[in-house]
Amino acid sequence: MIDLVGYGAFFLTTALIFSLVTLGLNLQWGLTGLFNVGLAGFVAIGAYTSALLTTPDDPTRLGGFGLPILVGWIGAMVVGGIAAALTGMATLRLRSDYLAITTFGVAVVVQLVALNAQKLTGGPFGIGFIPRPFGGLAETPLLFNLSNLAVVCAVTLIAYLALEHLSRSPWGRVLRALREDERAAISLGKSARFYRVQAFAVGGAIMALAGAMQAHFTGFIAPDNYLPILTFQVWVMLIVGGSGSNRGAVIGSILVWAIWAGSGTLTSVFFPPEQQARAASLQIVAIGVMLCVILLIRPNGLFGDRPLRTRLGKRKRIDTAKSGSNG
């Protein structure tokens, strides 16, 4: 029973770290309409920034300042936000698929730098000995996992409440206006590029924070952690939960990660060791099937709002029917 509780805490910690990335993507896409498929790059930037700031001195690479973990997380958010803002200023003139291609290229560049800049990132060997919160409890897995879960829950809750407040604020309403009708928003004196760069930077900072937390939770990072499959996972989490809904971003992350982890466990049980590498592709199949089913039942996700035009059209038909019956 104790082992089951410990694993549940470990599972929820990982799922909530994913939910932070999804919340950042929801701000960019669900609220503002920015098609970012390079989020793995911003997660990697946060992870490596925090690792370089907090790890002990290492003569084989730069960094290793031995700073507190909280300083590493703040540094990750600052560097991730700046990187996202620079990317936004350079690319947000593009639209839809062109923006997607460009942001994907940014993520590939970050991953290649992490792979080849061995003096900075450790190259393919990664960075180890990253300090872990409550590291003194590592010999007691249950307490260690529960303590980390409490920290991740607190950070996720703060991020969720902050984004909920921002989405309802005048700033959030401007972002929604730009997503729905850019020309109308510009005609009211709003700078589309200025607000979009802000949204891209805040979303990138949240993604970087998630990367930093994941790095300290596992204690080791490597370039293979930030492959395009990470982007695929987070986009599925947002689509399943419902684009535009922060609650959907959190619930969708937990649900998709449960299916991903559960399918991985099943493949290890039902397939012999020599076939498990091939059977791992069944995880993607399971996610794809689940995505198709949910989109058939709930085209806008579990918590996504129905389009405004649909609601207005339905209301118009009802009003027409009422007027016809009265006549």
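Since we're looking at a predicted model, the values are computed, not measured.

Here's the deal with the overall build of the chain
At step 1: Across its full length, the chain carries 14 helices and zero strands.
At step 2: In the chain, the succession of α and β elements from N to C terminus is α-α-α-α-α-α-α-α-α-α-α-α-α-α.
At step 3: In terms of principal-axis extent, the alpha carbons of the chain reach across some 80 × 50 × 35 Å.
At step 4: In the chain, which comprises 327 residues, the share counted as buried stands at 46%.
At step 5: Of the contacts made within the chain by residues no fewer than 6 positions apart, 76% connect residues no fewer than 24 positions apart.
At step 6: For the chain, the centre of its 24 positive side-chain charges and the centre of its 13 negative side-chain charges are spaced 15 Å apart.

With respect to helix α9 (residues 192-218)
At step 1: Compared with an ideal rise of 1.5 Å per residue, which puts 27 residues at 39 Å, α9 spans 39 Å between its outermost C-alpha atoms and is within 8% of the ideal.
At step 2: Within α9, 21 of the 27 residues are buried, leaving the element largely enclosed by the surrounding structure.
At step 3: At the C-terminal side of α9, G219 shows a positive phi close to 85°.

What to know about the nonpolar core
At step 1: L20, I221, Y226 and W257 are the most contacted members of the largest nonpolar core, which totals 80 residues.
At step 2: Sequence-distant contacts of L20, that is, excluding residues within four places in its chain, are made with V155, T156, A159, I206, A210 and M213.

Details of the packing of helix α10 (residues 228-241) against helix α11 (residues 246-270)
At step 1: α11 packs onto α10 with a crossing angle of 125° between their chain directions and a minimal axis gap of 7 Å. Between α10 and α11, the angle is such that the two are oblique. Crossing angle aside, the handedness with which α10 passes α11 is right-handed. Residue-level contacts link I229, Q233, V236, M237, L238, V240 and G241 of α10 to G248, A249, G252, S253, L255, V256, W257 and W260 of α11.
At step 2: In terms of residue class, the contact of α10 with α11 is made up of ten nonpolar, five polar and no charged.

A short note on the side chain of N36
At step 1: Residue position: N36 is located in the loop between α1 (2-31) and α2 (39-54).
At step 2: Its relative accessible area of 0% is what places N36 among the buried residues.

Remarks on the environment of S243
At step 1: Secondary-structure assignment places S243 in the loop between α10 and α11.
At step 2: Taking the relative accessible area as the measure of exposure, S243 reaches 32% and is therefore partly exposed.
At step 3: On a C-alpha basis, the gap between S243 and L23 in space is 9.9 Å, while along the polypeptide they are 220 residues apart.
At step 4: With near-sequence residues (within four places) excluded, S243 lies in contact with N26, W29, G30, L238, N300 and G304.

Some thoughts on unusual backbone geometry
At step 1: Within the chain, F129 stands out as a residue other than glycine whose phi angle is a positive 55°.
At step 2: Here F129 lies in the loop between α5 (118-121) and α6 (141-168).
At step 3: Located in the positive-phi region is F134, a residue other than glycine, with phi close to 60°.
At step 4: Take F134: it is sitting in the loop between α5 and α6.

Some remarks on the packing of aromatic side chains
At step 1: Applying the stated criterion across every chain, the model contains nine aromatic pairs.
At step 2: Following the ring pairs from residue to residue traces out a cluster consisting of Y7, F10 and F217.

Thoughts on the packing of α6 against α9
At step 1: Two numbers describe how α6 lies on α9: the axes approach to 12 Å, and their chain directions differ by 180°. Taken together, the axis directions place α6 and α9 in an arrangement best described as roughly antiparallel. Between α6 and α9, the contacting residues are N145, N148, V152, V155 and L163 on the first element and I206, L209, M213 and F217 on the second.
At step 2: Its residues assigned to classes, the contact of α6 with α9 shows seven nonpolar, two polar and no charged.

Describing the confidence of the model for the chain
At step 1: The pLDDT averaged across the chain works out to 88; a share of 93% of its residues lies at or above 70.
At step 2: Element-level pLDDT for the chain is lowest in helix α14 (residues 308-326), with a mean of 49, against a maximum mean of 96 in α2.
At step 3: Scored below 50 in pLDDT, residues 308-312 makes two contacts in the model with residues more than four places away or belonging to other chains.

Some details on the pattern of salt bridges
At step 1: The full count for this structure, using the stated rule, is four salt bridges.
At step 2: With a closest N to O distance of 2.7 Å, E180 and R179 form a salt bridge.
At step 3: A residue is classified by how much of its surface remains accessible, and E180, at 57% relative accessible area, is exposed.
At step 4: A salt bridge links R196 to E182, with the shortest nitrogen-to-oxygen separation between them at 3.2 Å. Of this pair, R196 sits in helix α9 while E182 sits in helix α8 (residues 182-187); the two residues are 14 residues apart in sequence, bridging distant segments of the chain.
At step 5: The class of R196 is buried, set by a relative accessible area of 7%.
At step 6: In this structure E182 comes out as partly exposed when scored by relative accessible area, which is 23%.

Quick notes on the rules
Residues numbered from 1 in each chain as written. Predicted model: local features only at pLDDT ≥ 70, side-chain atom pairs only at ≥ 80, totals over all residues. Heavy atoms only, no water. Helix = DSSP H or I, 4+ residues; strand = E, 2+ residues; numbered from the N terminus. Buried < 20%, exposed > 50% of the residue type's maximum accessible area, 1.4 Å probe, protein only. Contact = heavy atoms within 4.5 Å. Lys, Arg positive; Asp, Glu negative; His and termini not counted. Charge placed at Lys NZ, Arg CZ, Asp CG, Glu CD. Expected span 1.5 Å × (residues − 1). Core = buried A, V, L, I, M, F, W, Y, C linked by side-chain atoms within 4.5 Å. Axes fitted to C-alpha atoms, helices over the stretch in contact; angles between N-to-C directions. Parallel < 35°, antiparallel > 145°, perpendicular 65-115°, else oblique. Left-handed = near helix turned anticlockwise from the far one by under 90°. Nonpolar A, V, L, I, M, F, W, Y, C, P; charged D, E, K, R; others polar. Phe/Tyr/Trp six-rings, centres within 6.5 Å; stacked < 30°, edge-to-face > 60°. pLDDT = per-residue confidence, 0-100. Salt bridge = Lys/Arg side-chain N within 4 Å of Asp/Glu carboxyl O.

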